[in-house]
Structure formats: structure tokens, C-alpha cells
Amino acid sequence: MPRKQLFSSLFSLSNLLIPHGLTLSTHPIPSRHRARTTLHCTLLNLFPGSRLWSRILGFLSFGTGLGLASFMVTGYIALVPSMIFSKYIMGWPSMINRPQANDTAKPKKNISTTSVGSLTALKTFSARSQMALQMSGGPDTIAPLLIGNVSLFGPNIPGSYFFTHIYLFLARCHYYLTGRMFADQLAECCFKRVMRLGEIACLQARTCWLDDVVDTFADENKGTQFNVVILGAGYDTRCYRLRSITKKENIHLFEVDAPGTQQMKRNALKHAKIECSGVHFVSCDFEHEDWMKCLESQSNFNHNLPTIFVWEGVSMYVDREVVISIISQISRCAVGSCIAFDYVFSDCMNAALKKSAEKIGEPWKFAINFDEVENLIEECQELTQRKVALRVLDHLRKDEMKKRYLAKYSNGNHVGYLEEFGAFCLVGI
């Protein structure tokens with residue numbers, strides 16, 4: 001069976017056939033197995049098969065969600081004095097006091113390259129932690145250990161750590177009682193015209209898919225040396241939790257990210273006492289530096305080995321030229337290397353979302369539609385330094401994401417809010 005067919009059926013509910021007639025186990029990792037089953041962990045789900053009761057819980061969730069929203073507003077107001085103190089009295093770098101380039105002629109920095117770090121990385125990290133703690137299929141068991149050392153407001157806002165953890169606790173209580181996810185409810189009910197996804201549902205699908213890609217790659221290369229490179233790592237935890245790649249002498253682990261975000265993550269790992277000596281950390285600004293040169297100069301990266309590149313939640317923050325350059329560079333590695341990434345559809349990158357992203361210092365720049373990806377890969381092919389063919393091995397849209405990775409309520413509806421917002425793509429040589 002060709003590699004494209006193999007990756008397109010990653011951990012399906014039926015048997016996964018691979019070359020040489022071998023059959024993998026039909027029992028995937030337990031956390032992702034739960035993600036494919038009917039949800040039964042809601043405390044008030046007294047009648048699991050009742051659609052009427054499910055609707056009642058839905059109405060109840062609006063009440064608890066309103067209380068949670070009120071707490072958010074109150075918390076923001078309460079933190080205003082802290083923000084003023086941080087910015088105007090102490091002059092600390094923070095989300096409201098962003099460091100700027102000395103040369104005013106240069107465009108403003110993406111905040112993730114500064115000492116403030118990436119706020120969107122914090123947000124996605126928080127969502128993964130919530131999924132794991134809620135026992136609803138979230139595979140990121142390391143995230144809850146790290147979340148205690150970070151604030152959703154970033155660094156240097158006194159009191160924001162306390163607010164963050166109270167908010168996350170109340171959001172979990174909202175879920176435990178009603179089985180609804182506040183962030184997704186808020187997106188679907190209030191911002192549906194602007195946003196086609198809720199952060200929890202999207203991140204659940206994305207995390208599980210990328211975990212499956214890495215696990216499958218490790219299984220294909222079992223017993224041989226290979227590389228795992230996390231590009232734009234943020235608070236990615238795969239190098240510390242995936243059994244298929246951790247603590248293996250034949251596997252070389254690398255994380256490439258902007259200096260500010262990377263330092264914040266390393267501090268969180270240290271405080272959580274998570275062993276990371278087996279991971280090579282490489283600092284790089286993707287828009288202004290050659291990430292492959294940084295990888296080779298700052299570590300013992302061997303491009304002659306098969307390599308899996310995980311590029312999660314980054315493509316929309318860089319220019320099209322950078323996207324093409326990054327994908328094309330996998331051709332410098334051994335045959336069998338792959339890059340897994342996600343992207344946003346062009347018609348989803350509306351003015352409101354772009355303005356919101358720009359306000360927090362991480363502007364959206366790249367988007368592409370599903371049927372344009374093949375043309376993009378052809379452009380990447382033209383930049384390859386070797387005569388190897390780049391091929392799309394797996395390409396997922398909304399329906400397949402839901403089928404593989406999102407839990408269901410007793411009425412058959414999927415947990416969370418996920419519409420046509422973008423896709424996941426695996427490209428290999």
C-alpha cells in the first residue's frame with residue numbers, strides 16, 4: 001500500500017493495514033479512544049439517551065456560561081490597576097507594554113519573538129490542558145503540569161496567575177455540570193459570523209491528528225535512527241509525553257521556536273520538574289532567519305536521517321514565501337521525511353479576525369483554500385534542492401476531523417464547535 005493511503009487512514013476505527021500485510025492493533029492510545037466514544041462524564045447527565053434532557057442541559061449551560069462570562073469581565077476590570085502598575089510604574093515588558101524594534105523603519109515585531117512570548121501559544125496550551133483535565137479525550141497529559149506556572153495574560157501582570165487558575169477551574173466546573181465547553185459555546189453563539197471554530201474542538205482534533213502522525217512515523221522507522229523536529233514549538237509537549245519517541249536512544253528530538261516563547265516554556269518545564277535534557281532547543285525567528293541553518297548550527301541535527309517535522313498552528317502567522325520555503329526544505333532530509341501542518345482557509349481569514357490578531361501582536365498573514373494546496377506544493381517543489389517529489393500524504397477537512405477525534409453527546413452531536421475553517425496537511429518525500 002502506498003504511503004499516501006497509509007497516512008490517510010491513520011488510526012481509523014477499523015483495522016489499519018500497512019505494508020507487508022501487517023495489521024496494527026484496533027485499540028488506539030486510551031485518551032484518543034475516549035475521544036471517539038459517547039460522552040458520559042457529565043455530572044448532570046442523568047438520562048444519557050434523552051434528547052429532551054440534553055436540551056435542558058444546553059439551556060442550563062447558558063446560565064453557567066453567563067456566570068463565567070461575568071467573572072471574566074470582572075477579572076479584567078480587577079486587573080486594570082495591575083496593568084497600570086506593570087506598564088507605567090515598573091516598565092515591565094508585557095502584553096500591554098510590548099518591546100519594539102529600535103529601528104522605526106522596520107515593521108513591528110511579532111510579539112512571540114520578544115521576551116513577552118506568544119499569547120496565542122498560551123491560549124492553545126491552556127485549551128489542551130483543559131481537555132486533559134476534563135477527561136473528555138484530551139491526550140496532552142503534560143499540559144496540566146505546566147499550566148500552573150503560566151498566566152493567560154503573559155508575564156509581568158501581577159495577580160493574573162490567580163485570575164487564570166480561578167477562570168480555568170470555573171470553566172471545568174461548567175463542563176463537569178453541563179458537558180458544554182464555554183469557549184466553544186461563546187464562539188458559536190456570539191461570534192459565529194466571524195469564527196468558524198471553537199478553540200477546544202479545533203485543538204482537540206489537531207493535537208490528536210499530529211500525535212497520530214508522529215506515532216505512525218515512529219512505528220514505520222522503529223529500530224532505526226530518525227529525527228523529530230517541532231517547528232514553532234510553543235508549549236508543545238510531544239517530546240515529553242509520547243511513548244513512541246521519548247527516552248529512545250535512536251530518536252533525536254528538536255524544538256525550534258522564537259526566543260521569547262521558548263524561554264518561557266523552558267522556565268515552565270523547570271518549575272514543573274519535567275526532564276528535558278534529551279531535547280535540543282533551537283532559537284529562530286522564522287520570518288527573518290533560515291530555520292534549517294539555525295537547526296544545523298545550534299544542534300547536532302543530521303539531515304541525512306528520516307525526519308518528521310511538526311509545524312502546528314504557525315503557518316497563518318508567516319508570509320506565503322516563508323511557508324513555501326519551510327515546506328520545500330524537508331527535501332534536504334532523507335527520503336521518507338514528512339512535514340505535518342495546519343492552515344486556515346482564505347475565506348475564513350476575515351477582516352475582524354485579522355484585526356484581532358494584530359491587536360495582540362501576532363498578525364495573520366497566510367491563508368489558502370483546500371483545492372489550492374496542490375499548487376502550493378508544486379511551488380515548493382520548484383525550490384527543492386534535490387530531485388525528490390513532494391507529495392500530499394494526508395489532507396483532512398472538518399468532517400474527517402470530527403469523525404476521527406471528537407467525542408459525541410448521547411444525541412449524536414459532536415462536542416465543541418467546528419465548521420469549515422481550514423485543514424490539516426501531511427507532505428512527504
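Note that this is a predicted model, so its numbers are computed, not measured. (Residues numbered from 1 in each chain as written. Predicted model: local features only at pLDDT ≥ 70, side-chain atom pairs only at ≥ 80, totals over all residues. Heavy atoms only, no water.)

Here the focus is the overall build of the protein chain. Of the regular secondary structure elements, the protein chain holds 16 helices and 7 strands. Look at the contacts in the protein chain between residues 6 or more apart in sequence, and 73% of them connect residues 24 or more apart. As presented, the protein chain carries roughly 19800 Å² of accessible surface, and 57% of it is formed by carbon and sulfur atoms. (Helix = DSSP H or I, 4+ residues; strand = E, 2+ residues; numbered from the N terminus. Contact = heavy atoms within 4.5 Å. Areas by Shrake-Rupley, 256 points an atom, 1.4 Å probe, with all protein chains shown as cover.)

A word on helix 15 (residues 373–383). Within the sequence span of helix 15, burial applies to V373, L376, I377 and C380. Along helix 15, the residues classed as buried sweep out an arc of 100° about the axis, all on the same side. The exposed residues of helix 15 that point more than 90 degrees off its buried face are E378 and E382. Looking at the buried side of helix 15, the elements it contacts are helix 13 (320–328), strand 5 (338–344), strand 6 (391–396) and strand 7 (422–428). (Buried < 20%, exposed > 50% of the residue type's maximum accessible area, 1.4 Å probe, protein only. Arc of directions from axis to C-beta.)

Within a sheet, each strand pairs with its neighbour through backbone hydrogen bonds, oriented either parallel or antiparallel. If you walk across this open sheet you meet the 7 strands as 3-2-1-4-5-7-6, and the pairing is mixed. Of all strands in the sheet, those bounded by a partner on one side alone are strand 3 (279–283) and strand 6. Adjacent strand axes in the sheet meet at a mean angle of 20° when their direction is disregarded. As paired elements, strand 5 and strand 7 share 7 bridges and run antiparallel to each other. (Pairing = 2+ DSSP bridges. Axes fitted to C-alpha atoms, helices over the stretch in contact; angles between N-to-C directions.)

Our focus in this paragraph is the pairing of strand 5. In terms of residue burial, strand 5 counts as a mostly covered element, since 7 of its 7 residues are buried. By the bridge criterion, 4 bridges tie strand 4 (residues 307–311) to strand 5 in an arrangement that is parallel. Along strand 5, the bridge assignment pairs W311 with F341.

Attention shifts here to the nonpolar core. Residues L231 and F309 are the most contacted members of the largest nonpolar core, which totals 106 residues. At 10 residues, helix 9 (residues 199–220) tops the list of elements feeding residues into this core. Filtering out sequence-adjacent residues up to four positions away, F309 remains in contact with V229, L231, W291, M292, F301, I330, C333, C338, I339 and A340. Formed by 8 residues, the second largest nonpolar core is a distinct cluster that contains M131, I200, A407 and V415. (Core = buried A, V, L, I, M, F, W, Y, C linked by side-chain atoms within 4.5 Å.)

The predicted model of the protein chain averages 81 in pLDDT, with 83% of residues at 70 or higher. Low pLDDT, under 50, characterises residues 1–31; the predicted model gives this stretch 57 contacts beyond four residues in sequence or across chains. Confidence over residues 101–106 falls short of pLDDT 50; this stretch has 1 contact with residues more than four positions distant or in other chains. (pLDDT = per-residue confidence, 0-100.)

Time to look at the environment of H165. The residue H165 is located in helix 7 (residues 160–178) in this model. With relative accessibility at 26%, the residue H165 sits in the partly exposed group. In this structure, the C-alpha to C-alpha distance between H165 and V150, residues 15 residues apart in sequence, is 9.4 Å. Apart from the residues within four sequence positions on either side, H165 is in contact with I147, G148 and V150.

This part takes up the packing of aromatic side chains. The geometry of an aromatic ring pair comes down to the distance between the two centres and the angle between the two planes. One pass over the structure, following the stated rule, counts 16 aromatic pairs. Here Y76 and F153 contribute two aromatic rings whose centre-to-centre distance is 5.2 Å and whose plane-to-plane angle is 65°, an arrangement assigned as edge-to-face. Placement of the pair is Y76 in helix 3 (residues 51–78) and F153 in the loop between helix 6 (143–147) and helix 7, with a sequence separation of 77 residues. Using a relative accessible area of 4% as the deciding quantity, one classes F153 as buried. The rings of F71, Y76, F153, F163 and Y167 are connected pair by pair, giving a single aromatic cluster. Above the plane of the ring of F370 lies R397, whose end atom (NZ or CZ) is 4.5 Å from the centre. (Phe/Tyr/Trp six-rings, centres within 6.5 Å; stacked < 30°, edge-to-face > 60°. Lys NZ or Arg CZ within 6 Å of the ring centre and 35° of its normal.)

Here we come to the environment of G361. Tracing the backbone shows G361 in the loop between helix 14 (351–359) and helix 15. Using a relative accessible area of 8% as the deciding quantity, one classes G361 as buried. Here the alpha-carbon distance between G361 and L119, two residues 242 residues apart in the chain, equals 8.6 Å.

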